[in-house]
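Structural description and commentary
These are the residues of each chain, in order.
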Amino acid sequence: MIDTHCHISREDYDDIDLIINEAINSGVEKIIISGCTKDSIVESLEISSKYPNVYITIGYHPSEADLITDSDFDLLEEQIRNNDVVGIGEIGLDYHYGKENAELQKKLFHKQMVLAEKYHLPVVIHSRDATEDTIAILKQYPNVIGDIHCFSGSIETAKIYISMGYKIGIGGVVTFKNSNLYKVVENIGLDSIILETDAPYLTPTPFRGSVNSSKYIPIIANRIAEILGVSVNEVDSITSKNAVCLFDLK
Ligand code: NI
């Protein structure tokens, strides 16, 4: 199985070796970590270079939009050029706490979509309370594909993204009792799904309240298997194939 999106830092985990070994022991062969702030990009690049089964995407999260200067942006491009990154992200739009800086967020999102196009890299999209604007921007880059990380929207929205060539990232939310995400899973099927934890956030049931980690990917795979009435092996093989293809994982 593949955890296509999580964050690993010393701030959240005392023992990173342990976190990675626990994931491998639970059947997770590959992990893609995301560095999405200036500091976490530096730390994530260092971590991913230490482990052969840990891959990395980098890009500035929309919550950084007020902070990123032109020279920070040049630095990002240099980091993309000089490292073995498998994608750009998480990038996108987040209007959850308001739209005051929506224009800055859009500008940063556009600039990073241009980078994705230039370096032929897939994007990992963060979109929160911003579906319409996210779709409008992605449509301007028809040569770029990626995944909609931690998807929590409607069936219709999922289908729009899929029609644009995007995969849908399904995480721990699918195990939550009050979530309707199972309806999306039922409707889109395995061909459009990749697995993710978004660790250290969004720990799946029954471990909610504790720190999330990649070792819980099998819980998410099990829940998807249950929803679709297929074996866990099938969920593993199809979602892993989707992830390997999308991120060109060796
Ligand atoms: Ni994330």
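To be clear, the structure that these remarks concern was listed above.
Let me begin by describing the structure that accompanies this report. Values in this document were obtained by computation on a predicted structure and should not be read as measured data.

**What to know about helix α3 (residues 70-82)**
Taking 1.5 Å of rise per residue, 13 residues should cover 18 Å, and α3 covers 18 Å from first to last C-alpha, within 8% of that figure. Its buried side turned inward, α3 meets α2 (38-50), β3 (54-58), β4 (87-94) and α4 (102-119).

**Here's the deal with the environment of K215**
Along the chain, the position of K215 falls in the loop between β8 (193-195) and α8 (217-228). In this structure the C-alpha to C-alpha distance between K215 and S192, which are 23 residues apart in sequence, comes to 22 Å. Not counting residues up to four positions away in its chain, the partners in contact with K215 are E22, A23 and S26. A polar atom in the side chain of K215 sits 3.4 Å from the side chain of E22.

**Regarding the pattern of salt bridges**
Side-chain pairing between opposite charges can occur once the charged atoms of the two side chains come close. Going through the model one piece at a time under the given rule, you end up with 11 salt bridges. Here E77 ties to K118 by a salt bridge, and the two come within 2.6 Å at their closest N and O atoms. With a gap of 41 residues between them, E77 in helix α3 and K118 in helix α4 connect regions that are remote in the sequence. Note on K118: relative accessible area 51%, which makes it exposed.

**Some points on helix α6 (residues 155-163)**
Helical geometry: 3.6 residues make up each α-helical turn, so side chains three or four residues apart lie on a common side. Buried residues of α6: T157, A158 and Y161, and no others. Each buried residue of α6 sits inside an arc of 100 degrees when the element is viewed along its axis, so together they form one side. Opposite the buried face of α6, by more than 90 degrees, sit the exposed residues E156 and S163. Where α6 is buried, its residues touch β5 (123-128), α5 (131-139), β6 (146-148), β7 (167-170) and α7 (181-188). Just downstream of α6, G165 is the residue with a positive phi angle, here 95 degrees.

Calculation notes
Residues numbered from 1 in each chain as written. Predicted model: local features only at pLDDT ≥ 70, side-chain atom pairs only at ≥ 80, totals over all residues. Heavy atoms only, no water. Helix = DSSP H or I, 4+ residues; strand = E, 2+ residues; numbered from the N terminus. Expected span 1.5 Å × (residues − 1). Contact = heavy atoms within 4.5 Å. Polar contact = N/O pair within 3.5 Å; in protein donor to acceptor, adjacent residues only side chain to side chain. Salt bridge = Lys/Arg side-chain N within 4 Å of Asp/Glu carboxyl O. Buried < 20%, exposed > 50% of the residue type's maximum accessible area, 1.4 Å probe, protein only. Arc of directions from axis to C-beta.

Remember that the coordinates give geometry; whether it matters functionally is a separate question.
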